[in-house]
Amino acid sequence: MARILLVEDDGALAEALTLALKVLGHDVVAAPTGERALEALFTDRLELDFVLLDVMLPGMDGFEVCRRIRARSRLPLVLLTARGDPIDIVAGLECGADDYVVKPAEPRVIDARIKAIGRRAVTAPGPSAGRLRVGRLEIDAAAMSVTRDGVELALTATEIRLLVEFAEHPNQVLSRQTLLKRVWDYGYVGDSRIVDAAVARLRAKIEDDPADPVVLKTVRGLGYRLVSA
């Protein structure tokens, strides 16, 4: 069971999702606005496991709410979007979301995403779950932390798992589908844009020049490769 913060301004939809997710075994706290969601997280300090965040909110939109959450928390977050446009989806993922679901949202799909993220949170990142070094980066896989020149980086759990996957397979090309399976724990052919957005976020945090990466290279048509000297 997960305790979910559902941020949705449509009262009827929020009620329907709350009931459906409760039937599936989850506890749900609803917030009608982004401002109220931030209060629940950082003022009320509710104990939560997961955020399910609508993109189209009155006032502060879901992208901005996601950015503010990510500035202070690694709490798993999935966007609910009525807009299937790839630009909107990538924009949401680049804000720091772990995943997205396009409306109308099927509760069992949401439940599957919650369980996949939950498994990632409790499963060791890989067979080398210890300390790994990549150039100026030191990865403590067991503690789920990454430092660069001794300074800890603000990486999400998904970004750390992605970096660990690359670090455990240096100089190997990893396809997007391989990364979806290993990092996102998807048992189906998922959306490769999730991988691309996560790699872009990771590069922004570990590369001197994300536009000209030297650590995480794109191998056109195949995937990505971590360059190990």
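Residues numbered from 1 in each chain as written. Predicted model: local features only at pLDDT ≥ 70, side-chain atom pairs only at ≥ 80, totals over all residues. Heavy atoms only, no water.

### Points about the overall build of the chain
Test applied: Only DSSP runs of H or I with at least four residues qualify as helices, and only runs of E with at least two residues qualify as strands; both kinds are numbered from the N terminus onward. For the area figures, the Shrake-Rupley method with a 1.4 Å probe applies, and any residue is considered shielded solely by the protein chains shown.
The helix and strand inventory of the chain stands at eight helices and twelve strands. Looking at the chain as shown, the accessible area adds up to about 10800 Å², and 53% of this sits on carbon and sulfur atoms.

### Some thoughts on the pairing of strand E1 (residues 3-7)
Threshold: Each residue gets one of three labels from its accessible area relative to the maximum for its type: buried under 20%, exposed over 50%, partly exposed in between, using a 1.4 Å probe on protein chains only. The criterion for strand pairing is that DSSP finds at least two bridges linking the strands in question.
Of all five residues making up E1, four are buried, and the element is well covered by its neighbours. Pairing of E1 with strand E2 (residues 27-31) involves five bridges; the strand directions are parallel. Looking at the pairing, Leu-5 lines up with Val-29 of E2.

### A closer look at the sheet that holds strand E8 (residues 145-148)
Here we have four strands laid out as an open sheet, ordered E6-E7-E8-E9, and antiparallel in their pairing. The open sheet terminates on both sides in strands that have one partner only, identified here as strand E6 (131-134) and strand E9 (151-152). Here E8 pairs with E9 via two bridges, running antiparallel. For Thr-147, the partnering residue across the bridge sits in E9 and is Glu-152.

### Notes on the sheet that holds strand E10 (residues 173-174)
Test applied: Here, residues are in contact when the closest pair of their heavy atoms is within 4.5 Å. Axis definition: a line fitted to C-alpha atoms, limited for helices to the stretch in contact. Angles are taken between N-to-C directions and run from 0 to 180 degrees.
Across the sheet, three strands lie side by side as E10-E12-E11; this open sheet has antiparallel pairing. Each of the sheet's edge strands pairs with one partner strand only, and the pair in question is E10 and strand E11 (216-219). Helix H8 (residues 192-206) contacts E11 and strand E12 (223-226) of the sheet and is inclined by roughly 145 degrees relative to E11.

### Section: the environment of Leu-179
Its location among the elements puts Leu-179 in helix H7 (residues 176-183). Leu-179 gets classed as buried once you look at its relative accessible area, which sits at 0%. In this structure the C-alpha to C-alpha distance between Leu-179 and Gly-223, which are 44 residues apart in sequence, comes to 9.1 Å. Non-local contacts of Leu-179, meaning those with residues more than four positions away in its chain, are made with Leu-162, Glu-165, Phe-166, Leu-174, Trp-184, Val-195 and Tyr-224.

### Observations concerning H7
Convention followed: Here, the arc refers to the directions that run from the helix axis to the C-beta atoms.
Every buried residue belonging to H7 is among Leu-179, Leu-180 and Val-183, and all of these are buried. On an axial view of H7, the arc spanned by its buried residues comes to 105 degrees, and they lie on one face.

### Let's talk about the packing of helix H2 (residues 34-43) against helix H3 (residues 62-70)
The condition is simple: Throughout this description, any angle smaller than 35 degrees is read as roughly parallel, any larger than 145 degrees as roughly antiparallel, any in the 65 to 115 degree range as roughly perpendicular, and the remainder as oblique. The handedness criterion is simple: a crossing whose near helix is rotated anticlockwise from the far helix by less than a right angle is left-handed, and one whose near helix is rotated clockwise is right-handed. Note on residue categories: nonpolar means Ala, Val, Leu, Ile, Met, Phe, Trp, Tyr, Cys or Pro, charged means Asp, Glu, Lys or Arg, and polar means any other residue, Gly included.
For the pair H2 and H3, interaxial distance at closest approach is 10 Å and the crossing angle is 15 degrees. As summarised for this structure, H2 and H3 are arranged roughly parallel, according to the angle between their axes. Considering only the axes of H2 and H3, their crossing is right-handed. On H3, the residues that touch Gly-34, Leu-38, Leu-41 and Phe-42 of H2 are Val-65, Arg-68 and Ile-69. In the contact of H2 with H3, the residues fall into five nonpolar, one polar and one charged.

### Concerning the packing of aromatic side chains
Rules: By convention, a stacked pair of Phe, Tyr or Trp rings (six-membered ring in the case of Trp) has centres within 6.5 Å and planes under 30 degrees apart, an edge-to-face pair has planes over 60 apart, and any other such pair is tilted. By the criterion adopted, a ring carries a charge over it if an Arg CZ or a Lys NZ lies within 6 Å of its centre and within 35 degrees of its normal.
Tallied over the full model, the rule gives zero aromatic pairs. Positioned over the ring face of Phe-42 is Arg-72, at 4.0 Å from the centre of the ring.

### Some words on the nonpolar core
Applied cut-off: Side-chain atoms within 4.5 Å are what join buried Ala, Val, Leu, Ile, Met, Phe, Trp, Tyr and Cys residues into a set we call a nonpolar core.
Ranked by internal contacts, the top residues of the largest apolar core, which has 58 residues, are Leu-5, Leu-53, Leu-162, Leu-163, Phe-166, Leu-179 and Trp-184. The element best represented in this core is H8, accounting for seven residues. Residues contacting Leu-53, with those up to four places away along its chain left out, are Val-7, Gly-62, Val-65, Cys-66, Leu-77, Val-78, Leu-79 and Leu-80. Residues Ala-2, Ile-4, Leu-6 and Leu-17 belong to the second largest nonpolar core, which totals 16 residues.

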